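An overview of the molecular structure
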Amino acid sequence: MSDRNRPHRRPPVFSARRRVLTAVTSFALVGGLALSGAAVAASADAVRHRDGVQADLDRLVREEKFPAALAAVRTANGHTRNHTAGVAERGTKRTPLVNGRVRIGSNTKTFVATVVLQLVGEGKVDLDEPIETYLPDLIRGDGIDGRQITVRQVLQQTSGLPGYVDELAPDFFRLQHTYFEPRDLLDLALTDKARFAPGTKWEYSNTNYVVAGLLVQKVTGRPVAEEITNRIIVPLKLRDTYFPNVGEQGIRGRHPHGYYTDDPDKPLQDVTKMDPSWIWAAGAMISSPSDTNRFFAALLAGDLLRPAELDQMRTTVPAFPGRGYGLGLMSWDLPCGDRAWGHGGDIPGFTTRGGVTADGRAVTLTVTAPPTTEYAAGQVEAAVDGALCE
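Only a predicted model underlies this, so the values are computations on that prediction, with no experimental measurement involved.

1. Things to note about the packing of aromatic side chains
Using the criterion set out here, one finds 11 aromatic pairs in the structure. Ring centres 5.6 Å apart and planes at 65 degrees place the aromatic pair Phe172 and Phe173 in the edge-to-face group. Judged by its relative accessible area of 24%, Phe173 falls in the partly exposed class. When the ring of Phe295 is compared with that of Phe296, the centres are 5.0 Å apart and the planes differ by 65 degrees; the resulting orientation is edge-to-face. The same class applies to Phe295 and to Phe296, which are both buried.

The following block contains the structure:
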């Protein structure tokens, strides 16, 4: 694509290292929030004292001041109940549309990892082959060598690749409507040095899934969005799920507005419209709570991967407190003794949490602003865990 045809071509990168000033999370994470021990304890306590999904959503809006909360609860037999609380748009009295479309952030990573593992099952990718095999001469930097990083380590977040989001701009609002090429994101990440030697530690980095997206495109010869659509969205009939087109900034169809502030002392701003190219294969997708449930339930049921690849996906290493991380998939133990699988996603305007159990129960919950305290983040987690334990 020529420069003149590129939508919203980005200006020079703002070389600022300071993190976005948010009390708990920043747009740099775009994944499952790492809760402290105190927040995990608060979450467990909230599960013990909850009294239903709708009451939990009402409480999140009333006490934690989220503009809106949406949830879909899927039973083991496939029946779904939808819940909403709050307002679809601040300044109005419109209630959130049931099962509206939202930005699902790093839940996108599970879609991308699923496609990579399908390619593994087709013999086109080897998990323990260096990423260099598929992306030659691309992954190079200070202590970074694609010949020493495997595909598994990229998906598992054990590659040591540095992040890039904090380097894009001093704050989210400087990049909200800016277009970035995937290679721009990777090149920016590679200006920093390796975080650690491949395979020696676990650390969350969106760069890993930019690399995974580029891997899919190189192996298939098609855009990663098209591969996700043809391999997952269409077969599962996910009517509310899509990867935004290049330059697409809005959310199609029925959706609540999303809100964000880079300073908890400042008012929330409407960020429903954005160019998600800055997060691309690491977190750009849009879906609804019920569609997200359907995807994760089908994945864990073996509808998308062969048993061998699903077993690889569910082989975890220690990650966030109380969480294990596999290949684009997290696991955690529920208060009722069951184990849940999912991912989670944070992107300005929307925080989404959810999980699925072995018997097919699934929950996805979205709030339309980021938590501004660890306690609020714990309450979101507790609502999900409590619903999974019902």
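2. Describing the pairing of strand 14 (residues 350-356)
Within a regular strand, side chains alternate between the sheet's two faces. Of all 7 residues in strand 14, 7 are buried, a share of seventy percent or more. In strand 14, alternate side chains face the same way, and those of Phe350, Thr352, Gly354 and Val356 on one face and Thr351, Arg353 and Gly355 on the other are all buried. Pairing of strand 13 (residues 345-347) with strand 14, which is carried by 3 bridges, proceeds in the antiparallel orientation. Each residue of the ladder has a partner; that of Ile347, found in strand 14, is Phe350. Counting the residues in the hairpin turn of strand 13 and strand 14 gives 2 residues, including Gly349, whose phi is positive at 105 degrees. The pairing of strand 14 with strand 15 (residues 362-367) spans 6 bridges and is antiparallel. From the neighbouring strand, Gly354 faces strand 15, where its bridge partner is Thr364. Following strand 14, the chain reverses through 5 residues before pairing antiparallel with strand 15; Gly360 in that reversal takes a positive phi of roughly 95 degrees.

About the thresholds
- Counting from 1, residues in each chain are numbered in the order their sequence is written.
- Reporting of local features is limited, given that this is a predicted model, to residues whose pLDDT is at least 70; pairs of side-chain atoms are given and counted only at 80 or more, and all residues count toward the totals for whole chains, interfaces and linings.
- Just so you know, side-chain values use all the structure's heavy atoms and leave hydrogens and water out.
- Any two of the Phe, Tyr and Trp rings considered here, Trp counted by its six-membered ring, make a pair once their centres fall within 6.5 Å; the pair's planes then place it as stacked at under 30 degrees, edge-to-face at over 60, or tilted in between.
- Only protein chains enter the calculation, and the probe is 1.4 Å; a residue is then buried if its accessible area is under 20% of its type maximum, exposed if over 50%, and partly exposed in between.
- Where helices and strands are cited, they refer to DSSP runs of H or I of at least four residues and of E of at least two residues respectively, numbered from the N terminus.
- We call two strands paired when DSSP finds no fewer than two bridges between them.

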